[in-house]
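Breakdown of the fold
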Amino acid sequence: QMSVASPLPTTILRGHTTDVQCLTFLSDQLLCSGDASGELRIWDVDVQRPVATHRLHDQQTGVLSAQHVLLPNCTSNIMSSGRDGTVRVWQVRDDLSVSQMCEVQPGSYTFCRPSACLGHLPEQTSSSPEEACQQPQRTADDDDMQRQGVTDMQQAGSSVPRRAAAASGWYVACIAQDASVIDVWDMRGCQSRVASLAVAATGRARGMCMAVQARPIACHGAAEHALEIISGYEDGSIAYWDTRWPAQPLACIHAHTEPVMCLAMSPGGGQAVSGAADDQLCWWKLQSSPPSPGQAVAMVHHHAATSAQQADVEGCQQLEEVQGQAAQRTMKRSKQMTINSSGLADVAYRPDGRLLASAGWDGKVRLFSTKRKEPLAVLRYHTGQATSVCFAPSINAKGLLASASRDHTVALWHMYA
């Protein structure tokens, strides 16, 4: 039994002529929705009307995902993907027109949505969105330096610095041509793949990767930073990765009886949730401990030496085994709960981390307390499958939650809990 009565949506946004598949806020006032025809609409939620419409992918592939990315020193950007094997980056100008900045072609045609992650890269600078995505191709030494460091992602809704002491770059984790492998791309050059994460290293076939989420983590030492990635697979397994040690996941746990469909990592880090085609919602506690400073130095020196000597495959595998052993495997399931209907398409945390929303195949949006890990309410409006949920970036935005559906609508809800 829910502890809070189900409210009605405050606003219904209509205008899409096909399934609405994804949502992302540009600001508390501007909401983007992408549909199965390849169209992205930008809505002014105050006047409840679209203020811009753009075709980001063709009609056959649609807009599978859209994510707002704020790059320091520059304007807003949208990362989009479709079932055409491409991930595209669009600059959003002040007049809400868009221009394509760059594109990567991982060669994946699955339904898995890529995840963008902002990072700190001290070796280069950029002062515009174009420079951020059109840097010259880096050398192997540059790539080695990059693998050692990124900083915390700038929180959504926070101010964007116009000038910084060191440049920032950003990364996209997406499915490779081999659908069980996750590739991590450096989007500054748009052609630089910095890591490949193959769950086959666990010794068991997990099937296709169905969901992925990435965020930066900071470790000991000013230059020691990394990405943590959580991924869900066709067999119901959840894997937890640290990109400094890509040979094997920090942990891999079989959690669901059906394919994992969605993942979310808490704004402050340390927690995650997973939803699947079954009727289970899993809560996870995440913690990655880096190796000791001595181990880290030894790894860097060993890697530099083997790269210079073009070591054989066996030598590289031995290095990766050492790297994998250096990290603690600390992903634990903190709670697992049963929901009343099978199938979750999306999950999202509110920016303050206190609420979690889920989009269900039954068309219902469910709210959960992240502190007690208990259900709070079921929001009923959509007549088709709910496909996406997204909170406004500022916690001062009256708790604004948007939900999308295959009924061609977007619903807006105000959550004050």
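Criteria and cut-off values
Residues numbered from 1 in each chain as written. Predicted model: local features only at pLDDT ≥ 70, side-chain atom pairs only at ≥ 80, totals over all residues. Heavy atoms only, no water. Core = buried A, V, L, I, M, F, W, Y, C linked by side-chain atoms within 4.5 Å. Buried < 20%, exposed > 50% of the residue type's maximum accessible area, 1.4 Å probe, protein only. Helix = DSSP H or I, 4+ residues; strand = E, 2+ residues; numbered from the N terminus. Salt bridge = Lys/Arg side-chain N within 4 Å of Asp/Glu carboxyl O. Pairing = 2+ DSSP bridges. Polar contact = N/O pair within 3.5 Å; in protein donor to acceptor, adjacent residues only side chain to side chain. Contact = heavy atoms within 4.5 Å. 1 Å grid on protein atoms, 1.4 Å probe; cavity = no way out; pocket = protein on both sides within 12 Å on 5 of 7 lines; lining within 4 Å. Points joined across faces, edges and corners; volume = space filled by probe spheres on them. Nonpolar A, V, L, I, M, F, W, Y, C, P; charged D, E, K, R; others polar. Axes fitted to C-alpha atoms, helices over the stretch in contact; angles between N-to-C directions. pLDDT = per-residue confidence, 0-100.

**A word on the nonpolar core**
Core analysis: the biggest nonpolar cluster contains 20 residues, and Ala 173, Ile 182, Val 184, Ile 229, Tyr 233 and Trp 241 have the highest contact counts within it. Those elements that provide at least two residues to this core are strand E11 (168-175), strand E12 (181-186), strand E13 (192-198), strand E14 (209-218), strand E15 (225-233) and strand E16 (237-242).

**Focus: the pattern of salt bridges**
Per the stated rule, a full pass over the model turns up twelve salt bridges. Residue Asp 84 pairs with Arg 88 through a salt bridge whose shortest N-O separation is 3.8 Å. On the accessibility criterion, Asp 84 (17% relative accessible area) is buried. In the salt-bridge network here, residues are joined through shared partners; they are Asp 84, Arg 88 and Glu 103.

**Observations regarding the pairing of strand E5 (residues 49-55)**
Bridging between strand E4 (residues 39-44) and E5 involves six bridges; their strand directions are antiparallel. Paired with Glu 39 across the bridge in E5 is Arg 55. Linking E4 to E5, which pair antiparallel, is a turn of four residues; within it Gln 48 sits at a positive phi near 65°.

**Comments concerning the side chain of Thr 387**
Topologically, Thr 387 is positioned in strand E26 (residues 386-391). On the basis of relative accessibility, which here comes to 6%, the residue Thr 387 falls in the buried class. For Thr 387, the side chain forms a polar contact with the main-chain oxygen of Val 20, separated by 2.5 Å. When neighbours within four sequence positions are excluded, Thr 387 is seen to be in contact with Val 20, Gln 21, Arg 113, Ala 345, Asp 346, Ala 359, Ala 404, Ser 405 and Arg 406.

**Remarks on empty space enclosed by the protein**
Under the defined criterion, the tally for this structure stands at two cavities of 30 Å³ or more. Computed from the structure, the largest cavity encloses a volume of approximately 130 Å³. Along the walls of the largest cavity sit 17 residues, with Ser 81, Val 87, Ser 108, Cys 112 and Pro 114 positioned nearest its centre. Taken together, the residues that form the lining of the largest cavity break down as nine nonpolar, six polar and two charged.

**Examining the sheet that holds strand E8 (residues 87-92)**
Read across the open sheet, the four strands follow the order E6-E7-E8-E9; overall the sheet is antiparallel. Because the sheet does not close on itself, it has two edges, and the strands there are strand E6 (65-70) and strand E9 (98-104). The mean inter-strand angle of the sheet, taken between neighbouring strand axes irrespective of direction, is 25°. Taken together, the six bridges between E8 and E9 define a ladder with antiparallel strand orientation.

**Some words on the pairing of strand E27 (residues 400-405)**
With six of six residues buried, E27 lies mostly within the body of the structure. Of the pairings in the sheet, the one linking E26 to E27 comprises five bridges and is antiparallel in character. Within E27, the residue paired with Phe 391 across the bridge is Leu 401. Pairing analysis gives five bridges linking E27 to strand E28 (residues 409-414), with the strands arranged antiparallel.

**Some remarks on the sheet that holds strand E1 (residues 11-14)**
Pairing between sheet strands relies on hydrogen bonds along the backbone, with the strands arranged either parallel or antiparallel. Taken in spatial order, the four strands of this open sheet run E1-E28-E27-E26, and their pairing is antiparallel. Edge positions in the sheet fall to E1 and E26, since each of these pairs with one other strand and no more. Strand-to-strand, the axes of this sheet are offset by a mean angle of 20°, without reference to chain direction.

**Concerning unusual backbone geometry**
The residue Leu 96 is not glycine, and still its phi comes out positive at about 70°. Take Leu 96: it is sitting in the loop between E8 and E9. Residues other than glycine seldom take positive phi values, yet His 408 does so here, at roughly 75°. A relative accessible area of 27% places His 408 in the partly exposed class.

**With respect to the confidence of the model for the protein chain**
Model confidence for the protein chain is summarised by a mean pLDDT of 79, while 71% of its residues fall at 70 or above. Within the model, pLDDT remains below 50 along residues 121-167, and this stretch shows 116 contacts once partners closer than five positions in the same chain are excluded.

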